[in-house]
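Residue strings, one per chain:
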Amino acid sequence: MAGSYHWSGGNRVELLVEGEQFIPHMLKAITEARQLLLLEFYMVSSGNVADLFIEALIKAARRGVKVCWLIDDFGGRQFHQQDRERLAKASIEVQFYNRLRLAKLARNLARDHRKLMIVDQKLGYIGGTGISDEYLREKPAEGALAWHDIMLGVEGAVVSDMVRLFTRQWCLCGGKILFNVMPPDYTRVGDAMSRVTEAQGVRLQQIKHSFVQHINHATDRVWLATAYFLPVFSVRRSLRQAAERGVDVRIIVSSLNTDHPWVYHASKRYYRRLLKAGVKIYEYQPAFLHAKLGLCDSWVSAGSCNLDHWNLRWNLEANLEVVEPSLAAAVETLLRSDMEESEEVVYDQWRSRPWYQKLREAGWSLLCQLLLKIR
């Protein structure tokens with residue numbers, strides 16, 4: 001049943017920062033797979049990173065590993081036909097979510113934005129990455145913007161819920177389950193309490209509801225990093241109320257180093273009330289901040305969801321929630337580092353920005369509001 005994933009203990013969760021860390025980690029896991037590889041990614045683009053994954057998956061298939069790969073049709077539009085044929089020749093089954101068709105009209109906007117990889121139903125990866133050269137921050141594709149992102153490496157009983165999440169969508173997209181879905185293994189491998197949360201457009205918004213609940217009950221801190229800062233009203237209200245009751249509320253957002261500059265300008269409409277309530281806002285400078293990461297007291301949520309209007313209106317999303325001191329400490333260290341590489345938005349300076357900047361922000365904000373009326 002959608003959204004029915006429960007907390008489980010004894011998991012191990014590791015924070016992996018930047019493609020230079022998580023891409024080799026994931027490739028190594030593929031080389032060690034013995035039975036089954038499940039992949040679900042929104043963004044898949046032909047290039048050096050895709051070649052590394054394709055080659056590793058083909059070698060896995062040749063040694064008898066069953067490989068299933070679910071790709072969003074819009075996110076995979078730069079995944080070349082020759083690469084798709086390489087996978088097909090290796091008997092790797094690929095399904096595409098919501099094929100783009102002109103006759104579908106607005107239904108084309110519904111996308112699978114999840115980022116998952118599961119190895120032998122024992123090891124999982126969940127976060128914000130795609131299979132694309134942008135995620136190798138030191139060596140992005142020529143002319144491309146480097147992306148700052150994270151993945152979580154996961155072991156334990158919670159991986160079974162990641163498998164269930166994948167297989168449900170795989171079947172809905174026409175894939176066949178030619179493997180046995182294993183029951184949860186409750187063997188203790190770590191100290192993390194974890195659960196999977198998801199979103200399915202307007203039908204299911206478990207990720208948002210959980211964030212709002214944890215923000216509302218936070219007593220110490222609420223630190224968020226998000227790529228596209230167009231938060232829904234309930235999230236904005238909870239952030240303001242948390243700051244007003246003395247909670248340390250900080251938000252790290254993208255600067256003009258983003259793949260959608262218009263979102264950066266449109267997001268400014270939300271700054272005033274948040275800043276006046278005491279929320280601190282930081283704009284990340286070195287690269288495109290693509291991570292989706294939340295820290296409320298010691299609770300961590302990471303995955304694919306930006307908590308923005310568009311994600312929650314149209315997309316399939318998946319996050320992992322974790323309560324475990326060492327992971328919370330690692331996330332805190334990362335977010336502190338990101339703040340140091342950001343420019344803090346000061347209310348008095350923001351209020352005195354030039355009129356033409358305000359006009360540009362108002363224009364993009366109006367466009368956002370019109371787009372949200374699409375049904």
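Residues numbered from 1 in each chain as written. Predicted model: local features only at pLDDT ≥ 70, side-chain atom pairs only at ≥ 80, totals over all residues. Heavy atoms only, no water.

Examining the nonpolar core
Membership of the largest hydrophobic core comes to 78 residues, with the highest contact counts inside it found for Leu 37, Phe 53, Trp 69, Met 117, Val 222 and Leu 239. No other element matches the nine residues that helix α2 (residues 48–62) contributes to this core. Excluding residues that lie within four positions of it along the chain, Met 117 makes contacts with Met 26, Ala 29, Ile 30, Leu 38, Leu 39, Phe 41, Phe 53, Leu 123, Gly 124, Tyr 125 and Met 162. Judged by nonpolar contacts, the second largest core, of 51 residues, contains Cys 68, Ile 150, Val 158 and Val 159. (Core = buried A, V, L, I, M, F, W, Y, C linked by side-chain atoms within 4.5 Å. Buried < 20%, exposed > 50% of the residue type's maximum accessible area, 1.4 Å probe, protein only. Helix = DSSP H or I, 4+ residues; strand = E, 2+ residues; numbered from the N terminus. Contact = heavy atoms within 4.5 Å.)

Quick look at the packing of helix α5 (residues 206–217) against helix α6 (residues 233–244)
Orientation of α5 relative to α6, taken along the N-to-C sense of each, is 10°, at an axis distance of 9 Å. Taken together, the axis directions place α5 and α6 in an arrangement best described as roughly parallel. Our pair here, α5 against α6, has a crossing hand that is left-handed. In contact with Lys 208, Val 212, Ile 215 and Asn 216 of α5, α6 contributes Ser 234, Val 235, Ser 238, Leu 239, Gln 241 and Ala 242. Across the contact of α5 with α6, the residue classes break down as five nonpolar, four polar and one charged. (Axes fitted to C-alpha atoms, helices over the stretch in contact; angles between N-to-C directions. Parallel < 35°, antiparallel > 145°, perpendicular 65-115°, else oblique. Left-handed = near helix turned anticlockwise from the far one by under 90°. Nonpolar A, V, L, I, M, F, W, Y, C, P; charged D, E, K, R; others polar.)

Points about the environment of Glu 321
Here Glu 321 lies in strand β17 (residues 316–323). If near-sequence neighbours (up to four positions away) are discounted, Glu 321 is found in contact with Trp 7, Met 193, Ser 194, Arg 195, Thr 197, Ser 210, His 214, Trp 299, Val 300 and Ser 301. At 2.4 Å, the side chain of Glu 321 and the side chain of Ser 210 are in polar contact. Engagement of the side chain of Glu 321 in a polar contact is seen with the side chain of Trp 299, the distance being 3.3 Å. (Polar contact = N/O pair within 3.5 Å; in protein donor to acceptor, adjacent residues only side chain to side chain.)

Considerations on the pattern of salt bridges
Under the criterion given, the structure shown has 20 salt bridges. Of the charged contacts in the structure, one is a salt bridge between Lys 28 and Glu 32, with a shortest N-O distance of 2.5 Å. Here the residue Lys 28 and the residue Glu 32 both occupy positions in helix α1 (residues 19–32), the gap between them amounting to four residues, near one helical turn. Close ionic contact of Arg 353 with Glu 361 constitutes a salt bridge, the shortest N to O distance being 2.9 Å. The burial state of Arg 353 is the same as that of Glu 361; both residues are buried. If you follow the salt bridges from partner to partner, you end up with Glu 40, Arg 114, Arg 168 and Glu 198 in one network. (Salt bridge = Lys/Arg side-chain N within 4 Å of Asp/Glu carboxyl O.)

As for a nonpolar patch on the surface
Taken together, the side chains of Trp 7, Met 193 and Val 323 define a hydrophobic patch exposed on the protein surface, amounting to about 240 Å² of accessible area. As for its position among the elements, Trp 7 is in the segment before β1 (8–17). Overall, the relative accessible area of 35% leaves Trp 7 in the partly exposed class. (Patch = residues over 30% accessible without salt bridge, like charges linked within 9 Å, V, L, I, M, F, W, Y side chains within 5 Å. Areas by Shrake-Rupley, 256 points an atom, 1.4 Å probe, with all protein chains shown as cover.)

Description of the packing of aromatic side chains
The final tally for this structure, using the stated rule, is ten aromatic pairs. On the numbers, 6.3 Å between centres and 40° between planes, the contact of Tyr 271 with Trp 350 is tilted. Here Trp 350 lies in helix α11 (residues 347–351) and Tyr 271 lies in helix α8 (residues 271–277), a separation of 79 residues in the sequence. Members of the aromatic cluster, joined through ring pairs, are Tyr 135, Trp 147, Tyr 228 and Phe 288. For Arg 221, the ring lying beneath its charged end belongs to Trp 223, and the centroid distance is 5.5 Å. Taking the ring centre of Trp 350 as reference, the NZ or CZ of Arg 353 above it sits at 4.0 Å. (Phe/Tyr/Trp six-rings, centres within 6.5 Å; stacked < 30°, edge-to-face > 60°. Lys NZ or Arg CZ within 6 Å of the ring centre and 35° of its normal.)

Here's the deal with helix α10 (residues 325–340)
When the terminal C-alpha atoms of α10 are compared, their 23 Å separation across 16 residues agrees well with the 22 Å that a helix rising 1.5 Å per residue should span. Those residues of α10 that fall on the buried side of the exposure criterion are Leu 327, Ala 328, Val 331, Leu 334, Leu 335, Asp 338 and Met 339. The arc that holds the buried residues of α10, viewed along the axis, is 140°, so those residues lie on one side. Opposite the buried face of α10, by more than 90 degrees, sit the exposed residues Pro 325, Thr 333 and Glu 340. (Expected span 1.5 Å × (residues − 1). Arc of directions from axis to C-beta.)

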